[in-house]
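# A look at the structure
Chain residues, written in single-letter form:
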Amino acid sequence: MPLPSKRNPEQLARTLEAWFTAQFGHACTVSDVGIPEGTGMSSETLLFTIHHDGRSEAVVTRLSPDMNDWPVFPVYDLAAQAGAMRLVAARSDVPVPNVRFLETDATILGSPFIVMDRVDGRALPDMPPYVFGGSYMDAFDVEQQRELGRRVARLQARIHAIDLDAAEAAGVDVSFLPSRRGDAIERLLKEQRDYYDWARGDLRLPIIERALDWLAAHKPTNPGPTVINWGDARPGNVLFDGLNPTAVLDWEMINVGPAAVDVGWLIFMHTFFQSLADVFQMPGFPEFCRRDDIVEAYTAAGGGSLDDLDWYVVYASLRFAAIAIRTSLREVSYGNREMPDDPEDLVMHKALLYAQIA
């Protein structure tokens, strides 16, 4: 369930006018404050226009969530998100929003926030999922659908090509990233175990514990170099103009690790959405984000080898299952669903995850 907003648009406009006036050093007004429907699973988003110095500028602001109201993540690091976009902008040709301001003072809007230039483009929706119809992809033929997936894979390859050592040597801030020393797979698995223990509270979900054990017992033999991981790497987090990507969004799961972490997430997430279409006997997009298409496009764009890709797809499934605990429990707390007798039913794709580790 998307995070509901508790903010008053008119009050926000007045507060933002004073804040931007202080930032620019001259008078500023704010108009068209909007809170989009379904502003996200883990944060709030505001859209508005700034008028100052004879210019009108459309911007988007992402705010940290209320950490007392069923947050999806135990720590919501806006500075890391801003750092990721600035790093990618500085060291690649991947289109990302221009970060204008990072405000860490929570007293202004009630939480820290970042301000970015608004980018034109269309995104695939999660709520309801694009496989149910109603998105721009409905008008695409099968080849266009496949090409859209390939374009996301190519974006991944360009992100993974960023040389973090060279960026750091050039003075680009990479301090927001985890250490690249040591065994990346072990660190990632520990992060997931810690996240599960935080997300579950007093509950136990054997499917997640079994998946963690399976992943530990079948670790990749050749994970390759540790690169920047976009994290939530999928088509729904890219704005497109037709088939041309205009902005890569949502860096809240930024990390470092093997490149196949992102590729496995891309493949799994459409597998999950397509499974929803299958359950409801809807056509969905069975040719979209096909594994062979994604791997071929990724490697042709300069991405490295993707050994043990099955492991990374299962790892993605496990990550998504752990996140589902929090989003499902939020729905329970808001009265939008009953608490299931079996806590595993909080994970919509539990049958798929069981099959993956069988």
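Below: a short report on this structure. (Residues numbered from 1 in each chain as written. Predicted model: local features only at pLDDT ≥ 70, side-chain atom pairs only at ≥ 80, totals over all residues. Heavy atoms only, no water.)

Let us look at the packing of helix H7 (residues 260-279) against helix H9 (residues 309-333). Between H7 and H9, whose axes approach to 8 Å, the crossing angle comes to 65°. The two elements H7 and H9 cross, and the hand of that crossing is right-handed. Within the contact between the two elements, H7 uses Ala-260, Val-261, Val-263, Gly-264, Trp-265, Ile-267, Phe-268, Met-269 and Phe-272 and H9 uses Leu-309, Tyr-312, Val-313, Tyr-315, Ala-316, Ser-317, Arg-319, Phe-320 and Ile-323. Across the contact of H7 with H9, the residue classes tally to 15 nonpolar, two polar and one charged. (Axes fitted to C-alpha atoms, helices over the stretch in contact; angles between N-to-C directions. Helix = DSSP H or I, 4+ residues; strand = E, 2+ residues; numbered from the N terminus. Left-handed = near helix turned anticlockwise from the far one by under 90°. Contact = heavy atoms within 4.5 Å. Nonpolar A, V, L, I, M, F, W, Y, C, P; charged D, E, K, R; others polar.)

All right, on to the side chain of Asp-293 then. The residue Asp-293 is located in helix H8 (residues 291-300) in this model. Leaving out residues up to four positions away in the same chain, Asp-293 has contacts with Arg-146, Arg-150 and Glu-287.

So, about the packing of H7 against H8. Interhelical geometry of H7 versus H8 gives an angle of 150° and a closest axis separation of 10 Å. By the angle between their axes, H7 is roughly antiparallel relative to H8. For the crossing formed where H7 meets H8, the hand is right-handed. On H8, the residues that touch Val-263, Leu-266 and Ile-267 of H7 are Arg-291, Ile-294 and Tyr-298. Its residues assigned to classes, the contact of H7 with H8 comprises five nonpolar, no polar and one charged. (Parallel < 35°, antiparallel > 145°, perpendicular 65-115°, else oblique.)

Here the focus is the environment of Ser-328. Mapped onto the secondary structure, Ser-328 falls in helix H9. By relative accessible area, Ser-328 is classed as buried at 6%. Separated by 269 residues in the primary sequence, Ser-328 and Val-59 have C-alpha atoms spaced 31 Å apart. Those residues in contact with Ser-328, other than ones at most four positions away along the chain, are Arg-337 and Leu-346. (Buried < 20%, exposed > 50% of the residue type's maximum accessible area, 1.4 Å probe, protein only.)

Turning to helix H10 (residues 350-357), a few remarks are in order. Along an α-helix, a turn takes 3.6 residues, which lines up residues three or four apart on a common side. Residues of H10 that are buried: Leu-353, Gln-356 and Ile-357. Seen along its axis, H10 keeps its buried residues to an arc of 85°; they face one direction. Exposed positions of H10 whose direction lies more than 90 degrees from the buried face are Ala-351 and Ala-355. Next to the buried residues of H10 lie helix H6 (206-217), H7 and H9. (Arc of directions from axis to C-beta.)

Overall, antiparallel pairing links the five strands, which are arranged E1-E2-E3-E5-E4 in an open sheet. Every other strand in the sheet has two partners, leaving strand E1 (28-34) and strand E4 (99-103) as the edge strands with one partner each. Ignoring strand direction, the axes of neighbouring strands in this sheet form an average angle of 25°. As defined by bridge partners, E4 adjoins strand E5 (residues 113-117) across four bridges and the pair is classed as antiparallel. Counterpart to Leu-102 in the pairing with E5 is Ile-114. Sitting on the sheet, helix H1 (residues 9-24) is in contact with E1, strand E2 (44-52), strand E3 (55-63), E4 and E5, with an inclination near 145° to E1. In the packing of helix H2 (residues 78-91) onto the sheet, the strands contacted are E3, E4 and E5, and the crossing angle to E4 comes to about 160°. (Pairing = 2+ DSSP bridges.)

Looking now at the nonpolar core. Leu-87, Met-137, Leu-148, Ile-208 and Trp-251 are the most contacted members of the largest nonpolar core, which has 98 residues in total. Sorting elements by how many residues they give to this core places H9 first, with 14 residues. Contacts of Trp-251, omitting those with residues within four sequence positions, involve Gln-81, Ala-84, Met-85, Val-88, Val-96, Ile-159 and Trp-230. In this structure, Leu-16, Val-33, Phe-101 and Phe-113 belong to the second largest nonpolar core, which totals 17 residues. (Core = buried A, V, L, I, M, F, W, Y, C linked by side-chain atoms within 4.5 Å.)

Within the fold, Gly-242 resides in the loop between strand E7 (238-241) and strand E8 (244-248). By relative accessible area, Gly-242 is classed as partly exposed at 26%. Along the sequence, Gly-242 and Gly-182 sit 60 residues apart, while their C-alpha atoms lie 42 Å from each other. With sequence-adjacent residues up to four places away left out, Gly-242 is seen in contact with Arg-122, Phe-140 and Leu-148.

This next bit is on unusual backbone geometry. With an omega dihedral of -10°, the bond running from Met-127 to Pro-128 counts as a cis peptide bond. One non-glycine residue, Trp-70, lies in the positive phi region at around 50°. Looking at where Trp-70 falls in the secondary structure, it is placed in the loop between E3 and H2. The exposure class of Trp-70 is partly exposed, given its relative accessible area of 30%. Even without being glycine, Asp-308 reaches a positive phi, approximately 55°. Its place among the elements puts Asp-308 in the loop between H8 and H9.

Don't take any of this as a statement about function, it's just geometry.
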